[in-house]
Amino acid sequence: MNPKLTKYQEKQLCSFLGKVKLRLLYKASVHTFSGTVFHQICDNQGPTISVGYNSSGFVFGGYTSKDHDVAKNGQFIHDDNAFLFSLKLKNSVKYPVINFPNAVKIHHNCGPFFGDDFVLMYDNTAIAVSKPGSHYNFNAAEMHGNNLNLSECEVYKVEEFITLEKPWRTILWETERRAELMESIKLYKPTISSVGQARVLLIGPVGSGKSSLFNSINSIFRGHVTSQAISGSSGTSVTIQFRSYSVKDGRNGKPLSVVFCDTMGLEEGRDAGLHEDDLSSILKGHVPERYKFNPLAPLQADAQGSQQTVELQDRIHCVAYVMDTCKVSVMSTKLLEKLAAIRKSVTLLGVPQLVVLTKVDEACPWVADDLRNVYESQYIKTKAQEVSCQLGVPMSCIVPVKNYSEEVELEMNCDILLLSAVIQMLRFADNYFDDVSDQGKQD
């Protein structure tokens, strides 16, 4: 169930309310235009924002800080904080309640009901009712263009952001720190002389931002936002080939000692997305460059085209699970089972693993306002803890980032998070090399 509200519109609504986030509860195109169903889903949820859309392009609705409760059918609810609104590209308008005792009304056959002035989904239909003046002063033409036929209706639960007294991880947001991180990555060399570059495998569900993660890291060292790896939004994996990407120090610079390996995205079904058998072949170094994935027929180690002779430098030295912060709570059981099986395979081969949480700005509007809030956001910490439980990885193995998506210029705070993630990957790769060295000494 995807919100119709754009990120910009959500930000506008949040600006009316302070430090809050919105969680979609009800969507008429999914749940039907029914006041009865609205009450079944949205009653006793606390503060809510109700949003109506019409075919004329108007976006409008109302907020109440009180519960909807069908048990109070026919009653008015006192609410000093209620308001109606109209969202526009510029100059969005807020209409505060003027008659507090009658701010909200409960009707079992209607959706959100604001006094006697404004109703969404009147009498179980896709119709709004608008009669300004008694409890709210608003201009009907300005608010909804006098078009009361609803093309969509959504209700969002309004949740307060809980900020942490102390950040859950300390980080320096300074240009000097950015320069230090870049220099450390430039100077990095694997601890085993026969290996020229640490190979980091990116694994994640479709749309999590694997390819965008490499592009973002590459952009930092190129000095501008670039897009070498194919990325984008799709219901299926954009990446269909096995690709390894080196990061270059500048346009004509030498490749750094780290390679990012991109794979097909994970999907729910066994016959869709990256196959677990292909993953095993990748980890062991058997999959050749530009190998085209086939979910129905994974590459066999002895098959034609498979790399038969494999050196340590061909293997994967660190695995990074790339997870969309916004979708952590809605991953299906099948996808979680697939991730668990993959994690088990990786563990058996002794490859260190960490999790990169992408899209933290989309998950938390407070972080979107200022990326430096990422480690002070209780919401982001909760999502990291949720991933920790789902995948069985410690919190120290989880790093939040923001990929470059809409931007055309680099931004220091975004770079610092991305570079910090790379440093962790290289440290984990060093753990792999240490294990190999220790094993060699024992042999």
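All of these numbers come straight from a predicted model, not from anything done at the bench.

Student: Mind showing me how you'd approach the overall build of the protein here?
Tutor: A count of helices and strands for the protein gives 12 helices and 17 strands. Judged by the C-alpha coordinates and their principal axes, the protein covers about 85 × 50 × 35 Å. For the protein, the residues scored as buried account for 52% of the 443 residues in total. Here the analysis covers contacts within the protein between residues at least 6 apart in sequence; of these, 68% occur between residues at least 24 apart. Per element, the accessible surface of the protein, about 20000 Å² overall, is 47% carbon and sulfur. Here the protein contributes 45 positively and 49 negatively charged side chains, and the mean placements of these two sets differ by 2 Å.

Student: Looking at this model, I keep getting lost on the sheet that holds strand β1 (residues 20–27). Mind explaining?
Tutor: Two orientations exist for strands paired in a sheet by backbone hydrogen bonds: parallel and antiparallel. Here we have 6 strands laid out as an open sheet, ordered β1-β11-β2-β3-β5-β6, and antiparallel in their pairing. Edge positions in the sheet fall to β1 and β6 (93–96), since each has one partner strand and no second. Sheet twist, expressed as the mean angle between neighbouring strand axes with direction ignored, is 25 degrees. Taken together, the 6 bridges between strand β2 (residues 48–54) and strand β3 (residues 59–64) define a ladder with antiparallel strand orientation. Within β3, the residue paired with Val51 across the bridge is Gly61. Lying over the sheet, helix α3 (residues 35–42) contacts β1 and β11 (150–160), oriented at roughly 135 degrees with respect to β1.

Student: So what exactly am I meant to see when it comes to the nonpolar core here?
Tutor: Generally speaking, a soluble globular protein has its nonpolar side chains buried in company with each other. Counting 86 residues, the largest nonpolar core has Leu201, Leu213, Phe221, Phe260, Val319, Tyr321 and Met425 as its most contacted members. Counting residues per element, this core draws most heavily on helix α12 (residues 412–442), at 14 residues. Once residues within four sequence positions are removed from consideration, Leu213 is found in contact with Leu202, Val322, Val356, Val401, Asn403, Leu418 and Met425. Listed in part, the 27 residues of the second largest apolar core include Phe114, Ala128, Tyr136 and Val155.

Student: I keep staring at the sheet that holds strand β8 (residues 113–114) and nothing clicks. Help me out?
Tutor: Sheet architecture is open: 3 strands sit in the order β8-β9-β10, paired in antiparallel fashion. Two strands bound the open sheet, and with one partner strand each, they are β8 and β10 (128–130). Note that β8 and strand β9 (residues 118–120) share 2 bridges and pair antiparallel. Looking at β9, one finds that Phe113 is bridged to Val119.

Student: Sorry, what's going on with the pattern of salt bridges here?
Tutor: Note that side chains of opposite charge can pair when their charged atoms are close. On inspection of all chains with the given rule, the structure shows 16 salt bridges. In this structure, Asp262 engages Lys210 in a salt bridge whose closest nitrogen and oxygen atoms are separated by 3.0 Å. Separated by 52 residues along the polypeptide, Asp262 in strand β14 (residues 255–262) and Lys210 in helix α6 (residues 210–222) bring together distant segments of the chain. There is no split in this pair, since Asp262 and Lys210 are both buried.

Student: Quick question: what am I supposed to make of α6 here?
Tutor: Since the α-helix packs 3.6 residues into each turn, any two residues three or four apart lie on the same face. Taking 1.5 Å per residue, 13 residues should reach 18 Å; α6 reaches 19 Å between its end C-alpha atoms and fits that length. The element α6 is largely enclosed, with a buried count of 11 among its 13 residues. All of the buried residues in α6 are Lys210, Ser211, Leu213, Phe214, Asn215, Ser216, Ile217, Asn218, Ser219, Ile220 and Phe221. Of the residues one or two after α6, Gly223 is the one with positive phi, at around 90 degrees.

Student: Is there a simple way to think about the UniProt feature "domain: TLDc" (unreviewed entry) in the protein in this case?
Tutor: Here the UniProt-annotated "domain: TLDc" (unreviewed entry) positions come out as residues 1–159. Each end of residues 1–159 is marked by a C-alpha atom, and these two atoms are 18 Å apart; helix forms 18% of the span and strand 33%.

Student: Honestly, the side chain of Gln12 in this entry has me stumped. Any pointers?
Tutor: Relative to the elements of secondary structure, Gln12 occurs in helix α1 (residues 7–17). A distance of 2.7 Å separates a polar side-chain atom of Gln12 from the backbone oxygen of Lys88. Here the side chain of Gln12 touches Ser92 through a polar contact of 2.5 Å, side chain to side chain. When residues no more than four places from it in sequence are discounted, the contact partners of Gln12 are Leu87, Lys88, Leu89 and Ser92.

Student: Help me out: how do you make sense of the environment of Cys261 in this one?
Tutor: Mapped onto the secondary structure, Cys261 falls in strand β14. Given the relative accessible area of 0%, Cys261 is considered buried. Considered as a pair, Cys261 and Ser280 are 19 residues apart in the sequence and their alpha carbons are 14 Å apart. Setting aside chain neighbours within four positions, we find Cys261 in contact with Arg199, Val200, Leu201, Leu202, Phe242, Arg243, Ser244 and Ile316.

Student: For this particular structure, what's the right way to read the packing of helix α7 (residues 276–284) against helix α8 (residues 333–348)?
Tutor: Think of two packed helices as two axes; the pair is described by the angle between the axes and how far apart they sit. Where α7 contacts α8, the axes come no closer than 10 Å and their chain directions differ by 25 degrees. Regarding the angle of α7 to α8, the classification is roughly parallel. When you trace α7 past α8, the crossing you get is right-handed. Counted together, Glu276, Leu279 and Leu283 of α7 and Lys338, Ala341, Ile342 and Val346 of α8 form the full contact between these two elements. Residues belonging to the contact of α7 with α8 are distributed by class as follows: 5 nonpolar, no polar and 2 charged.

Student: Hey, could you run me through the pairing of strand β16 (residues 353–358) in this one?
Tutor: Along any regular strand the residues' side chains alternate between the sheet's two faces. Most of β16 sits out of view: 6 of its 6 residues are buried. Burial along β16 is two-sided: Gln353, Val355 and Leu357 and Leu354, Val356 and Thr358, pointing in opposite directions, are all buried. Across 6 bridges, the pairing between strand β15 (residues 318–324) and β16 is parallel. Note that in β16 the partner of Ala320 across the bridge is Leu354. Pairing geometry for β16 and strand β17 (residues 398–400), over 3 bridges, is parallel. Considered in β17, the bridge of Leu357 is made with Pro400.

Rules and cut-offs
Residues numbered from 1 in each chain as written. Predicted model: local features only at pLDDT ≥ 70, side-chain atom pairs only at ≥ 80, totals over all residues. Heavy atoms only, no water. Helix = DSSP H or I, 4+ residues; strand = E, 2+ residues; numbered from the N terminus. Buried < 20%, exposed > 50% of the residue type's maximum accessible area, 1.4 Å probe, protein only. Contact = heavy atoms within 4.5 Å. Areas by Shrake-Rupley, 256 points an atom, 1.4 Å probe, with all protein chains shown as cover. Lys, Arg positive; Asp, Glu negative; His and termini not counted. Charge placed at Lys NZ, Arg CZ, Asp CG, Glu CD. Pairing = 2+ DSSP bridges. Axes fitted to C-alpha atoms, helices over the stretch in contact; angles between N-to-C directions. Core = buried A, V, L, I, M, F, W, Y, C linked by side-chain atoms within 4.5 Å. Salt bridge = Lys/Arg side-chain N within 4 Å of Asp/Glu carboxyl O. Expected span 1.5 Å × (residues − 1). UniProt positions renumbered as here; feature names shortened; annotations may be inferred. Polar contact = N/O pair within 3.5 Å; in protein donor to acceptor, adjacent residues only side chain to side chain. Parallel < 35°, antiparallel > 145°, perpendicular 65-115°, else oblique. Left-handed = near helix turned anticlockwise from the far one by under 90°. Nonpolar A, V, L, I, M, F, W, Y, C, P; charged D, E, K, R; others polar.

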